[in-house]
Amino acid sequence: MQSRRATWMERYLYDVLLWKGLGPGILAQELVQGHGYSTLFPRLVVNLCVGAIDWATELVSSLKQSSAASQAGETAYDFVDPLIGTRNGGHVFAGATLPFGMAKAVADVTEDNQGGYASNGSPVTGFSHMHDSGTGGASSLANFPIFVYPGCEDNDINGCVFPKTQRSVGVVEGSVSARPGYFTIGLESGVKAEMTASNHTALYKFTFFGNATGDATFNGPSNPLLFIDLTDLPNTRKNGSASIDPDTGRMMGTGTFNPSFGIGTYTLHFCADFKGGSIRDTGVFINTRGGSEPKNITLTEDNNSPPIPAGTYIWFEEADGGTELLARVGLSFISSEKACKNAETEIPDLDFEDTLTTAEQAWKEKLGVIEIDASNPSNSTGAVDMDDLQTIFWSGVYRAMISPQDYTGENPLWESDEPYYDSYYCIWDSFRSIHPFITLVDPYSQTLMIRSLIDIYRHEGWLPDCRMSLSKGWTQGGSNADIVLVDSYLKNITQDVDWDTGYEALIKDAEVEPPVWDYEGRGGLYSWKNLGYIPADDFDPYGNGLFTRSISRTVEYAYNDFCIAEMAERLGKEEDYEKYAERSGNWANLYNADQTSSINGVDTNFTGFLQPKYLNATFGFQDPNFCSPLNNFDSCYLNPNGHETYEGSSWLYTFFVPHDHATLITALGGPDTFVSRLDFLHESGLLYVGDEQGFLPIFQYHYAGRPAKSAERVHYYIPSQFNTTTAGIPGNDDSGAMGSFVALAMLGIFPNPGQDIYFITPPFFPSVSITNGMTGKTATIKNVGFDASYQNIYIQSATLNGEKYTKSYLTHDFFLNGGTLELTLGSKESTTWGTGEDDVPPSLSTK
């Protein structure tokens, strides 16, 4: 094959080969048969029909060689630490997965275990195959965990302990290690577990060491027993069944469970195969006892709480060579038979090293679109450790590609050729940084996610605000999938997307109230349309939901409507544009210009805050610092006793006018007062950057002509709140929100999500480059005068492709078309760069 740069469609084929673990011939067949890809990649289908396998094989060989050449020496992959954020409530998934993969294998511990594993020293209860990352509330998934004993006491099946509440075993200190696609841990019982994954299949390697290989503890040599428990991490099983083939040891099973943050149930299936030892016995267990007969078990919902332990076991003679067993667990939402097919297709030979190599390669390809120069050209005194900064950065990039998860082909709810993605935790969080980041570095995946969101609307009637485990999740504020769709549309995610239906979905969110607006759409639309705000005492006979969050819902609905207006304008729908642009100003109807604020009895000297308003148009009162870290932060969640703001104070929400800062700044007293007020928000303890609402206020100084202040703030939060420790993020990661925030901020290009705007601050490295997956063009940002002690954090001047550039923001065209932005840095704030009226990011009222 002649050496050349692969086209974006060809590179996507290679990604799919890696993600799905398929050979070129199998993928060629799938593409030709139209399994969800042919509509997006028509030229690929033609190629696959004519010399398909040879072409695909040569392409894969070429790309592998190119990738191998670029990975000589230390690479981005080597700096990723999946254990960052696995302590103190970060809830990061630390285990083995592919980018956006469905299978996610890791050890499950007993405490703070929303992501399965936590670096808190708590014991392990099993190894399970599906997880979510960074969720803030209840534990989720972790279905059908495997538990492994080196042997059973007294060589009796009932010498092994089955219940999850009793079987946990301690972790060997220093035994935990992780990298993208791989996780390992040692247990005090003498079991070393290693795991990797393909898209729908987890693969485990268990090695037995020390006491496990033969002493009086187990009364003989290692006779490993593995069992799979019909449970999940939050113990929600409604019913389940499992069986084992006594000849092959294959286990198959099914369970129905509750989602962690929504309504309904979901049914998941598994298929497990084993390699490495001859079978001694097989059977089932229930409660505390196991037996060789029968070979299957069925359970339905009963009075046991938590659900009674039950499942199947396989007991081996001494493992081949005495030390190693492999377990492959395929997963499917369709059937156990489909789970078996997934496993057999993706990992046919239970080859651990080959599967791991494929997973590693998938991650290297994903990370490879970003290049950074992390040298220290000045050898500055007091220089920050650049390796640590690279670890913070690349680990953030990695976490931003864990979710949403690709369940394409695994959706039993409706027939569709469209992609299906799941595990949005939640769009209220992810619209702020995750989806803009994916759009920037992986537009193919974002395209599939947008198509999936539109297909969810097509079949369920509404865009989701949160979704997990095939279930509708709770809505936290506005209809924020509107922002994700519009952000993508404005940034050229247009190929093969049905934007007519997408726009229809936006209009429905804005105009039609659902029967229950707790998990879709918007509530209070009658008041919204007629009064221009959500009253704290709203009369709403048209739907039902939690009658809380009147302030936060009002400002979010306003911004949702602005985003619709942007798309309407691009589509030439002038009447819609005027309607929704006008409605986007409704935030001001809750602005009480006379409201003061005090903290611990001391006046803050700032006046004017959003306040609740009643149906009769009179203002109510919520202390502006209530629901901040200074005052009852935990009082504003999704519960019937929630208040008028959600996960934040009126102090914070008063700044949430992303589309019209010009009007907001005027209302708050002008640019100087606005800057002072933002300073107070950051310095008083009112702002918690561990909640995604804290992201935008870091950069809002740009609108007051003070981009240098944004640079100061971002350099304060990184690395003070984001570091390389296992507690190295300030809050739970929310499916990669903290990861995408730190990655974007360190690149120096944070978005105002829902608009075609990127705030410019100096990157944390001498230069950064992003190659666009659609156009193949590379955009580079260079720092002139960079010093690794980070004294020079202020932009003095800039050039874009050699021409003087004074604006403090970029648009997405820079990343589509490529080019070079050169920033000259200094140690003091510039009074000229980014400060003029024409240099600040645009506002609706100044267009």
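Only a predicted model underlies this, so the values are computations on that prediction, with no experimental measurement involved.

Conventions and cut-offs
Residues numbered from 1 in each chain as written. Predicted model: local features only at pLDDT ≥ 70, side-chain atom pairs only at ≥ 80, totals over all residues. Heavy atoms only, no water. Helix = DSSP H or I, 4+ residues; strand = E, 2+ residues; numbered from the N terminus. Buried < 20%, exposed > 50% of the residue type's maximum accessible area, 1.4 Å probe, protein only. Contact = heavy atoms within 4.5 Å. Areas by Shrake-Rupley, 256 points an atom, 1.4 Å probe, with all protein chains shown as cover. Core = buried A, V, L, I, M, F, W, Y, C linked by side-chain atoms within 4.5 Å. Patch = residues over 30% accessible without salt bridge, like charges linked within 9 Å, V, L, I, M, F, W, Y side chains within 5 Å. Salt bridge = Lys/Arg side-chain N within 4 Å of Asp/Glu carboxyl O. Axes fitted to C-alpha atoms, helices over the stretch in contact; angles between N-to-C directions. Left-handed = near helix turned anticlockwise from the far one by under 90°. Nonpolar A, V, L, I, M, F, W, Y, C, P; charged D, E, K, R; others polar. Disulfide = S-S within 2.5 Å. Pairing = 2+ DSSP bridges. Expected span 1.5 Å × (residues − 1). Polar contact = N/O pair within 3.5 Å; in protein donor to acceptor, adjacent residues only side chain to side chain. Phe/Tyr/Trp six-rings, centres within 6.5 Å; stacked < 30°, edge-to-face > 60°. Lys NZ or Arg CZ within 6 Å of the ring centre and 35° of its normal.

The next thing to look at is the overall build of the protein chain. The number of helices and strands found in the protein chain is 22 helices and 31 strands. Residue burial in the protein chain is summarised as follows: out of 847 residues, 65% are buried. In the protein chain, once contacts between residues fewer than 6 apart in sequence are set aside, the share between residues at least 24 apart is 70%. Here the protein chain has roughly 28,300 Å² of accessible surface; of this, 46% comes from carbon and sulfur atoms.

Membership of the largest hydrophobic core comes to 147 residues, with the highest contact counts inside it found for Ile-370, Phe-393, Trp-394, Phe-437 and Phe-741. Considering every element that reaches this core, the biggest residue donor is helix α15 (residues 550-570), with 11 residues. Apart from the residues within four sequence positions on either side, Phe-437 is in contact with Ile-370, Val-397, Ala-400, Met-401, Ser-740, Ala-743, Leu-744 and Leu-747. Counting 73 residues, the second largest nonpolar core, distinct from the first, contains Phe-285, Ile-314, Phe-333 and Tyr-420.

What follows concerns a nonpolar patch on the surface. Taken together, the side chains of Leu-531, Phe-539 and Leu-615 make up a nonpolar region of the molecular surface, amounting to roughly 280 Å² of accessible area. Assessed through its relative accessible area of 35%, Leu-531 is described here as partly exposed.

On to the packing of helix α13 (residues 499-511) against α15, then. The interhelical angle for the contact between α13 and α15, taken along N-to-C directions, is 145°, at an axis separation of 10 Å. In this structure, α13 crosses over α15, and the sense of that crossing is left-handed. Judged by residue contacts, Trp-499, Tyr-503, Leu-506, Ile-507 and Ala-510 of α13 engage Asp-561, Ile-564, Met-567 and Ala-568 from α15. The class makeup of the residues in the contact of α13 with α15 is 8 nonpolar, no polar and 1 charged.

A separate point is the state of the cysteines. Under the defined criterion, the tally for this structure stands at 4 disulfides. The disulfide partner of Cys-271 is Cys-340, and the S-S distance across this bridge is 2.1 Å. Given an S-S torsion of about 95°, the disulfide between Cys-271 and Cys-340 has right-handed geometry. Taken together, the residues Cys-271 in strand β11 (residues 266-275) and Cys-340 in helix α6 (residues 336-346) connect sequence positions 69 residues apart. Of the residues examined, Cys-271 reaches a relative accessible area of 0% and is grouped as buried. Since its relative accessible area comes to 5%, Cys-340 is described here as buried. Bridging Cys-426 to Cys-466, the disulfide has an S-S length of 1.8 Å. One disulfide, between Cys-426 and Cys-466, carries an S-S torsion of -55° and so falls in the left-handed class.

Turning our attention to the sheet that holds strand β25 (residues 758-760). Strand pairs in the sheet, formed through backbone hydrogen bonds, run parallel or antiparallel to each other. Spatial ordering of the open sheet is given by β24-β25-β30, a layout of 3 strands whose pairing is antiparallel. Each edge of the sheet is formed by a strand with only one pairing partner; in this case those strands are β24 (749-751) and β30 (809-810). The pairing of β24 with β25 spans 3 bridges and is antiparallel. The partner of Pro-751 across the bridge, within β25, is Tyr-758.

What follows covers helix α7 (residues 352-367). For α7, spanning 16 residues, the distance from its first C-alpha to its last is 23 Å, which sits close to the expected 22 Å at 1.5 Å a residue. Within α7, burial applies to Phe-352, Thr-355, Leu-356, Ala-359, Glu-360, Gln-361, Ala-362, Trp-363, Glu-365, Lys-366 and Leu-367. The distance from a side-chain oxygen at the start of α7 to the backbone nitrogen of Glu-353 is 3.2 Å, and the residue carrying that oxygen is Asp-351.

Checked against the element boundaries, Glu-511 lands in helix α13. Along the chain, Glu-511 and Leu-525 lie 14 residues apart, while their C-alpha atoms are 7.1 Å from each other. Sequence-distant contacts of Glu-511, that is, excluding residues within four places in its chain, are made with Leu-525, Lys-529, Lys-579, Tyr-580 and Arg-583. In this structure the side chain of Glu-511 is engaged in a polar contact, spanning 2.9 Å, whose partner is the side chain of Lys-579. Of the polar contacts made by the side chain of Glu-511, one reaches the side chain of Tyr-580; its length is 2.6 Å.

Applying the stated criterion across every chain yields a total of 29 salt bridges. Its salt-bridge partner being Arg-179, residue Glu-360 comes within 3.0 Å of it at the nearest N-O pair. With Glu-360 in helix α7 and Arg-179 in strand β4 (residues 177-179), this pair connects stretches of sequence that are 181 residues apart. Take Glu-360: its relative accessible area is 14%, and that puts it in the buried class. Relative accessible area serves as the criterion here: at 30%, Arg-179 is assigned to the partly exposed category.

With that settled, consider helix α10 (residues 434-441). Side chains three or four residues apart in an α-helix point the same way, a direct result of the helix having 3.6 residues per turn. Of all 8 residues that make up α10, 8 are buried, and the element is covered over most of its length. Within α10 the residues assigned to the buried category are Ile-434, His-435, Pro-436, Phe-437, Ile-438, Thr-439, Leu-440 and Val-441.

Another point: the sheet that holds strand β29 (residues 803-804). Taken in spatial order, the 6 strands line up as β17-β26-β27-β31-β28-β29 in an open sheet, and their pairing is mixed. Both edges of this open sheet fall to β17 (370-373) and β29, since each of them pairs with a single strand only.

Looking now at the packing of aromatic side chains. Using the criterion set out here, one finds 47 aromatic pairs in the structure. Taken together, the ring pairs connect Phe-144, Phe-257, Tyr-266, Phe-270, Phe-333, Tyr-407, Trp-414 and Tyr-420 into an aromatic cluster. Its end group placed over the ring of Trp-428, Arg-432 keeps NZ or CZ at 4.5 Å from the ring centre.

What follows concerns unusual backbone geometry. Omega for the peptide link from Ser-403 to Pro-404 comes to -5°, which places this bond in the cis form. Secondary-structure assignment places Pro-404 in the loop between α8 (386-399) and β18 (405-406). The linkage connecting Ile-718 with the following residue, Pro-719, adopts the cis geometry, with an omega of 15°. One can find Pro-719 in helix α20 (residues 707-720). At Leu-350, a position not held by glycine, the phi torsion is positive, near 50°. You can call Leu-350 buried: its relative accessible area is 9%.

Within the secondary structure, Thr-201 is located in strand β7 (residues 201-208). Look at Thr-201 and you get buried, because its relative accessible area is 0%. A polar contact of 3.0 Å, which involves the side chain of Thr-201, links it to the side chain of Glu-346. Sequence-distant contacts of Thr-201, that is, excluding residues within four places in its chain, are made with Ala-103, Thr-196, Arg-328, Val-329, Gly-330, Asn-342, Ala-343, Glu-346 and Ile-347.

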